[in-house]
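These are the residues of each chain, in order.
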Amino acid sequence: MKLLLTFAAVNNSFMKREIFVYKNYFYDFLHSLSEQVVNKIDYALTLLESQDKISKKFVKYLRDEIYELRAEYESNIYRVFFIFDSGNIVVLFNGFQKKTQKTPKNELEKAIKLKEEYYASKS
């Protein structure tokens, strides 16, 4: 399934990444959230799609090619795991509401497993 967002201007030039969603994990997560939180995540996705360099406030590398997209709303923290594929394509996996300082190990392990499934499905 493919999710394409709008263009955004960056210093009078455009950068465009295609954002793909692997299976329904990401959409299932979005459907569980309020409209305001979905809007925050959409804003972070728009940055990811359109900007070459993104602040750690919105994107952070974790490990094993896994990054997290970060959004915050009313002191609640939300994360969505993703990878870059072929340098430009972003594949979104699972998301969760973060309740502690550290990223839950089980959520990260799930993202790694989904990444492996994703690459296996491309073979």
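Keep in mind that what you see is a predicted model, and the values were worked out from it rather than measured. (Residues numbered from 1 in each chain as written. Predicted model: local features only at pLDDT ≥ 70, side-chain atom pairs only at ≥ 80, totals over all residues. Heavy atoms only, no water.)

Asks: Could you clarify how one ought to interpret the overall build of the protein chain in this entry?
Replies: If you tally the helices and strands in the protein chain, you get three helices and eight strands. Split into buried and exposed, the 123 residues of the protein chain put 41% on the buried side. Long-range contacts, defined here as pairs at least 24 residues apart, represent 49% of the contacts in the protein chain between residues at least 6 apart. Counting only carbon and sulfur atoms, one obtains 49% of the accessible surface of the protein chain, whose full area is about 7400 Å². (Helix = DSSP H or I, 4+ residues; strand = E, 2+ residues; numbered from the N terminus. Buried < 20%, exposed > 50% of the residue type's maximum accessible area, 1.4 Å probe, protein only. Contact = heavy atoms within 4.5 Å. Areas by Shrake-Rupley, 256 points an atom, 1.4 Å probe, with all protein chains shown as cover.)

Asks: Looking at this structure, I do not really get the environment of Arg63. What am I missing?
Replies: Summarising the element assignment, Arg63 is placed in strand β5 (residues 59-63). Each C-alpha atom of the pair Arg63 and Leu108 lies 8.9 Å from the other, and the pair is 45 residues apart in sequence. Look past the residues within four positions of Arg63 in its chain and what remains in contact with it is Leu108, Glu109 and Ile112. Within the structure, Arg63 has its side chain in polar contact with the side chain of Asp64 (distance 2.9 Å). (Polar contact = N/O pair within 3.5 Å; in protein donor to acceptor, adjacent residues only side chain to side chain.)

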